[in-house]
Amino acid sequence: MKTLPVIFKWTYTSLFLLIMSGNLFGQTSKPDAGKKTDYSYFKGGTISVIPSSHQDIAWMDSIGACIEFRDKMMITPVLKRLRENPEFKFSVEDALSLREYLIRHPDSWGEILKYTKEGRLDWGATYKQPYESMYDGESLIRQTYLGRKWLKKTLPGCDFKTYWNEDVPGRSLQMAQILSKAGIPYMQFSRHQPGIYRWYSPDGSFITCYTPGQYDEVGIPVRQANTDVGQLTKVFTTMLTDWNSYFKQRKLNPEFPFIYSHDFATPPDYDAFFNDWNKKSGSLGKPVIKYATGTEFLQAASKGNQNFDVIEGERPDVWLYIHGPSHQRALKASRDGSRLLTAAEKFATFDALQQNSFADYPQAELTKAWENAIYPDHGWGGKHGDLTDRAFRTVYETGRDIAAEVLDKSTKNIASRINFSGKGIPVTVFNPLSWKRTDIVKFTFNAEGNDQNTFRLLDETGKEIPYQLIYDHKISGKKDEVITFLFVAKDVPSVGYKTYYLEKAKPSVFKSNSKTEGTLFENEFYKVEFVEGGLKSVFDKELSAELLNTGKFLGGELFTMQSVGNGAGEFTDVQQPTMEGFEKMSQYKQPWAHISSGPVRDVYEFRKAINHVTVVERVILYQDLKKIDFEIELLGFDGERYREFRLAFPLNQATSDVAYEVPMGVLRVGRDEMAGAAGFSKASQIYSTPCAQVHPREVQDWFSAFDGKNSVTISSDVAVFDWIDPTENPVRYTILQPLLLASRKSCHGEGNYYLQPGDHFYTFSLYSNTYDWRGGYRNAVQANQPMKVVVTDPSRKSGSMPEMMSFVSVENKNLILSAVKKCDDDDNVIIRCYDIEGIDSEADIRIPVTFRKAELTNLIEEEGKEIPGSGNKLNLKIGHHSIETIKLYMK
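The sections below set out a description of the structure shown in this document. Please read these numbers as outputs of a predicted model, since none were measured by experiment.

In this section: the overall build of the protein. Check the secondary structure of the protein and you find 15 helices and 48 strands. The C-alpha radius of gyration computed for the protein amounts to 29 Å, which stays within 12% of the reference 29 Å derived for 891 residues, consistent with globular compactness. Counting only C-alpha atoms and orienting by the principal axes, one finds that the protein spans roughly 100 × 65 × 45 Å. The buried share of the protein, reckoned over its 891 residues, is 63%. Pairs at least 24 apart in sequence give 73% of the contacts found in the protein among residues at least 6 apart. For the protein, the computed accessible surface area is about 32,300 Å², with 49% contributed by carbon and sulfur atoms.

As structure tokens, then:
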């Protein structure tokens, strides 16, 4: 980490005095009496007034009403202003606004193209303004596909260089790299200490960005002055004075920005004021004032070797309650959809390569799925928020369902080409991940009246594999028709498949290696003690270590607290739960039942009605896999306001290094956050909590804790987790806690409650080893990406493909393939990978089809530079934490 920027080193006393005097960056109240007005550094420079309008998809009203506002009150009047005044300019925050407008006004395309080419109309370079760490890394990259890449195609001859995300007080660790490598060098943001910064990702890439503080607040004095030239002159003179020393100390270009933006802002008219100011500017030594776009200002500010303050690392989002905990079903659909989408792209690509043609590649379906999968922005709730939230959930489910259909079709196509040499019914297991894996597999099969004991499961060599049966009455309603098989598939190839066979024959009896005695369970890996409400002990036999400290909470114990607060709002730290109505499952004395035992797994369960909800919990232990699954059902939640549910995993670690997955990276708590606090946003909003101390946190697939000897990693089925005891008399040791649900309220004055009544379902998997997070993260990722199974009619004609195959593999353990897809612009193949362990390496990428050359491109598949490689092997140097995109020319 670089040293803390000077801007963060004020004491809170001096900061308070500056606030009270009204003389802090962006504050425009009258300076202290007798203070000299000094804006001399800006002599010969420029004031760039940047008109914009902050637009959530909804929030201020329903989605439809906001689309209409963007049409009638924003873009249409902007076009009128552009026609009337050749000096006027305007910045629209995102690409979606252009999509909406062209649907309503297709005949306006020519005029929009003209003004955009002239540099007078600018469009934000992403699809929307997201909660960055709510989405996975590939979803963030697709923001730039549907942003800058789409904009360049829609408005040819133009480019789009600035990412706008004014509202959200949070930045993801790798966002600067994603933007930079997508050809987006600038960011306009807000709710942060005012200044111009270089924000770095851990690989060393950066973006240049500007924040005025809080985007709305800084413009209030200007809006209050209206068109009064005298008052406007005083306001801008004061702003120049306030910023003079900041620019002078850093020797920055004398380019002063003023963002004119607030929610539902309409295009301003300061033409008369500008004329008056500029007539007098020369004699008074003032800079000229003009309209500018966000990109124009940041380009001018960046010219030369600028001494911008530096930020490195993640700024944890303090608004994280608004999505995962407060919209659990929607975020579950979002996470499932993004995982299915990348899997669908991979297998659709190899389906096409097997056909030697991309003619049937489902590009339209996949594009539609991505448009749905990343549509929701940061504007959950708000006015008519029930409608917005329902729409957001619906688009997530639509994207998920399209992806599932594409994946199903592609894997069936591939399976139809396999040469099945074994006897029986072929069962092909597809692995979408970029490493060989051994994992649990579940599939359903229509038994057509056959007895459950009439099948043997064999691998491709003819070796019998143990399996276990579950009957799914929801599917058939008849016990003997549909059977769900569970078995462990071993060594399924990277982004590939492996074939098994169901043979009509009595299965062998496989001896269990587990044993039970009262409340104790033991298998090859763990000794577990069950007590009422949770696990009293989990002893890792390989590590000879007790994993849990159950002095306060049991392992896997559900507890509930009061959770008064909003998802988002003008608060400066995460609103924490409190003890009112506190309950934990152990107080109910509900015993466990051992409900299932077999050659694959053992299942324990309890069911108990508590206040507001019925809790069902299952603990699942496996014969051949070192992991413990926890399944939680919250049934019939009554929607009680301000109630929160968490699950506790109290660890037997005196001190812990906590780490968790963020989009395309790993964050180590206390080391990878931005230094210090986010600082002054406005007088009533000072982010004083050091970023390293902000909790809970947004998480992707897993979170982990390591004490120097042993680690525990837990796969996450939720978007938010914590590691700090939130209850009274908190313990100092680590309690890993996925946040299951929180029934909070929108902070909008007419906003809705996020009550989420009904049923909710969760699954978590616990892994332990002697290494830090690097020893368990692959297994935790696997838990959230189940393998796909295709059961093939044995009577069909056999193909020519082998029974086991990898379509692409990366031999380096530190590299992850995030995407394999058809190139958007031609019939070649895109491979994207990234380093997750923070080490430099030479990638060894192998595919079973021949390519004639390879290029390294930017993230949106442009600006290719040829690199060594041809045939079916590619070697490429990839730096620590880097995200790289490779284009393979197939013909």
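Still more ground to cover, so stick around.
Side chains of a nonpolar character, in soluble globular proteins, are inclined to be buried together. Counting residues in hydrophobic clusters, the biggest one holds 180 residues, and the most contacted among them are Leu121, Trp123, Phe236 and Leu888. Looking at which element gives the most residues to this core, the answer is helix α11 (residues 328-355), with eleven residues. Those residues within four positions of Leu121 in sequence are excluded, and the remaining contacts are Val78, Leu79, Leu82, Phe90, Val92, Ile112, Tyr115 and Thr116.

As a further point, take unusual backbone geometry. Trans peptide bonds make up the majority, and among non-glycine residues the majority have a negative phi. The peptide bond linking His695 to Pro696 adopts the cis configuration, its omega dihedral lying at 0°. Relative to the helices and strands, Pro696 is located in the loop between β32 (685-687) and β33 (697-698). In this structure, Arg191 is a non-glycine residue whose phi angle is positive, near 50°. One can find Arg191 in the loop between β5 (186-189) and β6 (195-200). Residue Arg191 is classed as buried on the basis of its relative accessible area, which comes to 2%. The residue Glu863 is not glycine, and still its phi comes out positive at about 60°. When you line up the elements, Glu863 lands in the loop between β45 (853-857) and β46 (865-867). With a relative accessible area of 56%, Glu863 lands in the exposed category.

On to the sheet that holds strand β38 (residues 758-769), then. Pairing is antiparallel in the open sheet, where nine strands are placed in the order β24-β25-β26-β27-β38-β35-β34-β29-β30. Since the sheet does not close on itself, it has two edges, and those belong to β24 (593-597) and β30 (665-668), each with one partner. Here the average twist between neighbouring strands, direction ignored, is 20°. Relative to strand β34 (residues 702-706), strand β29 (residues 657-662) is paired through four bridges, and the arrangement is antiparallel. Within the sheet, the bridge partner assigned to Tyr660 lies in β34 and is Phe703.

Turning our eyes to something else, we now look at helix α12 (residues 363-373). For α12, the full list of buried residues reads Leu366, Ala369, Trp370, Asn372 and Ala373. One face of α12 carries all of its buried residues, which in axial projection span an arc of 160°. The inward-facing, buried residues of α12 abut α5 (137-154), α11 and α13 (385-415).

All right, on to the sheet that holds strand β8 (residues 255-260) then. Taken together, the three strands give an open sheet; going across it, the order is β8-β1-β9, and neighbouring strands pair in parallel fashion. Edge strands, defined here as strands with exactly one partner in the open sheet, are β8 and β9 (288-291). Strand-to-strand twist of the sheet, defined as the mean angle between neighbouring strand axes without regard to direction, takes the value 20°. Two strands pair when backbone bridges link them, and strand β1 (residues 46-51) and β8 are joined in this way by six bridges, in the parallel orientation. Directly across from Thr46, in β8, lies its bridge partner Glu255. The strands touched by helix α8 (residues 229-250) are β1, β8 and β9; relative to β8, the strand with the most contacts, the crossing angle is about 130°.

Tracing the chain through its elements places Thr857 in strand β45. Residue Thr857 is classed as buried on the basis of its relative accessible area, which comes to 9%. Once residues within four sequence positions are removed from consideration, Thr857 is found in contact with Glu862, Glu863, Gly864, Thr885 and Lys887.

Consecutive side chains along a regular strand alternate between the two faces of the sheet. Burial of β1 is extensive: six of the six residues sit out of reach of the surface. Covered by surrounding structure in β1 are Thr46, Ser48 and Ile50 together with Ile47, Val49 and Pro51, the residues of both alternating faces. By the bridge criterion, four bridges tie β1 to β9 in an arrangement that is parallel. The residue of β9 that forms the bridge with Val49 is Tyr291.

Its 28 residues give α11 an end-to-end C-alpha distance of 40 Å, which sits within 8% of 40 Å, the value for a rise of 1.5 Å per residue. Within α11, 22 of the 28 residues are buried, leaving the element largely enclosed by the surrounding structure. In the segment just after α11, Asn356 is the residue with positive phi, at about 60°.

Time to look at the packing of aromatic side chains. In total, this model carries 54 aromatic pairs according to the counting rule given. The interplanar angle of 5° and the centroid separation of 4.6 Å between the aromatic rings of Phe703 and Phe721 together place this pair among those described as stacked. Of this pair, Phe703 sits in strand β34 while Phe721 is found in strand β36 (residues 720-722), placing the two residues 18 residues apart along the sequence. As far as burial versus exposure is concerned, Phe703 and Phe721 are alike and both buried. One aromatic cluster is present, formed by Tyr41, Phe42, Tyr210, Trp243, Tyr246, Phe247, Phe256 and Phe297 through successive ring pairs. Lying over the aromatic face of Trp150, Arg99 brings its terminal NZ or CZ to 4.3 Å of the ring centre. Arg641 extends its terminal NZ or CZ atom over the ring of Tyr753, reaching a point 3.8 Å from the ring centre.

Before going further, it helps to spend a moment on the pairing of β30. Alignment of β29 against β30, held across four bridges, turns out to be antiparallel. For Glu661, the partnering residue across the bridge sits in β30 and is Val666. Once β29 ends, the chain turns through two residues before running back antiparallel as β30, passing Met664 with a positive phi of about 60°.

A few words on the packing of helix α2 (residues 63-84) against helix α4 (residues 109-117). Following both chains from N to C, one finds α2 and α4 inclined at 60°, their axes separated by 11 Å at the closest point. Viewed along their axes, α2 and α4 adopt a mutual orientation that is oblique. Crossing geometry of α2 relative to α4 is assigned as left-handed. Contacts from Leu79, Leu82 and Arg83 of α2 reach α4 at Glu111, Ile112 and Tyr115. Residue composition of the contact of α2 with α4, by class: four nonpolar, no polar and two charged.

In total, this model carries 68 salt bridges according to the counting rule given. We note a salt bridge from Asp408 to Lys788, for which the minimum N-O separation is 3.0 Å. Placement of the pair is Asp408 in helix α13 and Lys788 in strand β39 (residues 788-791), with a sequence separation of 380 residues. The class for Lys788 is partly exposed, based on a relative accessible area of 22%. Residues Arg846 and Asp844 are paired through a salt bridge, measuring 2.8 Å at the closest nitrogen-oxygen approach. Several salt bridges share partner residues, and in doing so they unite Arg148, Lys149, Lys152, Lys153, Asp159, Lys161, Asp825 and Glu862 into one network.

Basis of the calculations
- Residues numbered from 1 in each chain as written.
- Predicted model: local features only at pLDDT ≥ 70, side-chain atom pairs only at ≥ 80, totals over all residues.
- Heavy atoms only, no water.
- Helix = DSSP H or I, 4+ residues; strand = E, 2+ residues; numbered from the N terminus.
- Rg over C-alpha atoms; globule rule 2.2 N^0.38 Å.
- Buried < 20%, exposed > 50% of the residue type's maximum accessible area, 1.4 Å probe, protein only.
- Contact = heavy atoms within 4.5 Å.
- Areas by Shrake-Rupley, 256 points an atom, 1.4 Å probe, with all protein chains shown as cover.
- Core = buried A, V, L, I, M, F, W, Y, C linked by side-chain atoms within 4.5 Å.
- Pairing = 2+ DSSP bridges.
- Axes fitted to C-alpha atoms, helices over the stretch in contact; angles between N-to-C directions.
- Arc of directions from axis to C-beta.
- Expected span 1.5 Å × (residues − 1).
- Phe/Tyr/Trp six-rings, centres within 6.5 Å; stacked < 30°, edge-to-face > 60°.
- Lys NZ or Arg CZ within 6 Å of the ring centre and 35° of its normal.
- Parallel < 35°, antiparallel > 145°, perpendicular 65-115°, else oblique.
- Left-handed = near helix turned anticlockwise from the far one by under 90°.
- Nonpolar A, V, L, I, M, F, W, Y, C, P; charged D, E, K, R; others polar.
- Salt bridge = Lys/Arg side-chain N within 4 Å of Asp/Glu carboxyl O.

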